[in-house]
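Remarks on the overall topology
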Amino acid sequence: MMRKHDKSHEKGRKHLFSPRRVAVLGMLVAAAFVLSYIEMLLHFSVGIPGVKLGLCHIVTLFALYRLGPRAAWFTGFVRLALNTLLFGNAMILLYSAAGTVLSLVVMMLLYKSPVFSKIGVSLAGGVSHNVGQIICAALMMETPGLVWYLPVLLVSGCFCGVIIGFLGGFLVDRFERVKLL
């Protein structure tokens with residue numbers, strides 16, 4: 001005798017792998033990956049090693065505000081894995097993962113706070129991404145003196161975080177009425 005599938009326990013719960021959610025997350029990962037690739041091709045540089053605009057984080061901010069923390073983690077790490085497989089190496093993966101983890105943790109702690117705007121959350125994410133990378137580099141190279149480079153990266157993290165926050169916030173607000181899931 002076949003039993004009917006009981007969906008009563010599923011009411012009000014978003015499934016991570018529903019077809020619609022997979023499609024939306026796939027589009028977000030693709031957008032983040034393309035933005036990373038464009039940034040790699042353009043070589044945005046101000047003559048300071050390690051300074052990047054971080055265009056792909058527009059998508060992370062969008063995912064966080066429109067779909068929640070799990071979607072931001074998913075898009076951030078799938079994009080990171082794709083970038084590493086196609087353009088990077090193990091060391092780049094470690095540095096990028098350290099920055100991404102710290103950045104996402106900080107952003108998730110702040111994004112529901114009424115004190116922080118989307119730009120503020122992005123700025124904190126940009127700064128913490130740089131802090132995570134410096135900590136990782138200092139540990140991996142066993143060179144605590146790398147911390148001297150932190151002020152340069154903090155300034156760039158603030159500048160880039162504001163730009164990404166403005167662009168990401170604009171997209172979040174622009175697509176407010178679009179039902180994604």
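The paragraphs below set out a description of the structure included in this document. (Residues numbered from 1 in each chain as written. Predicted model: local features only at pLDDT ≥ 70, side-chain atom pairs only at ≥ 80, totals over all residues. Heavy atoms only, no water.)

The next subject is the overall build of the protein chain. Scanning the protein chain from terminus to terminus reveals six helices and zero strands. Along the protein chain, helices (α) and strands (β) appear in the sequence α-α-α-α-α-α when read from the amino end. Relative to its full complement of 181 residues, the protein chain shows a buried share of 39%. Counted over contacts in the protein chain with a minimum sequence separation of 6, partners at least 24 positions apart contribute 74%. Summed over all atoms, the accessible surface of the protein chain reaches about 11000 Å², with 72% contributed by carbon and sulfur. (Helix = DSSP H or I, 4+ residues; strand = E, 2+ residues; numbered from the N terminus. Buried < 20%, exposed > 50% of the residue type's maximum accessible area, 1.4 Å probe, protein only. Contact = heavy atoms within 4.5 Å. Areas by Shrake-Rupley, 256 points an atom, 1.4 Å probe, with all protein chains shown as cover.)

Quick look at the pattern of salt bridges now. Charged atoms that come close allow side chains of opposite charge to pair. Summed over the entire model, instances satisfying the criterion amount to one salt bridge. With a shortest N-O distance of 3.2 Å, Lys118 and Asp173 are connected by a salt bridge. Highlighted residues: Lys118 in helix α5 (residues 118-141) and Asp173 in helix α6 (residues 150-174), separated in sequence by 55 residues. Accessibility expressed as a relative area gives 23% for Lys118, which makes it partly exposed. Accessibility expressed as a relative area gives 45% for Asp173, which makes it partly exposed. (Salt bridge = Lys/Arg side-chain N within 4 Å of Asp/Glu carboxyl O.)

One way to put it is that helix α2 (residues 57-67) packs onto helix α3 (residues 69-87) with a least axis distance of 7 Å and a crossing angle of 155 degrees. In terms of their interaxial angle, α2 and α3 are classed as roughly antiparallel. Read as a crossing pair, α2 and α3 show a hand that is right-handed. Across the interface between the two elements, His57, Thr60, Ala63, Leu64 and Leu67 of α2 pack against Pro69, Ala71, Ala72, Thr75, Gly76 and Arg79 of α3. Its residues assigned to classes, the contact of α2 with α3 comprises six nonpolar, four polar and one charged. (Axes fitted to C-alpha atoms, helices over the stretch in contact; angles between N-to-C directions. Parallel < 35°, antiparallel > 145°, perpendicular 65-115°, else oblique. Left-handed = near helix turned anticlockwise from the far one by under 90°. Nonpolar A, V, L, I, M, F, W, Y, C, P; charged D, E, K, R; others polar.)

Take the packing of helix α1 (residues 19-42) against α2 next. Describing two packed helices takes the angle between their axes plus the distance from one axis to the other. The N-to-C vectors of α1 and α2 enclose an angle of 155 degrees; their axes lie 9 Å apart at closest approach. Classified by the angle their axes make, α1 and α2 are roughly antiparallel. Contacts between α1 and α2 involve Arg21, Val24, Leu25, Leu28, Ala31, Ala32 and Leu35 on the former and, on the latter, Val59, Phe62, Ala63 and Leu67. Here the contact of α1 with α2 is composed, by residue class, of 10 nonpolar, no polar and one charged.

Purely geometric numbers; function is a separate question.
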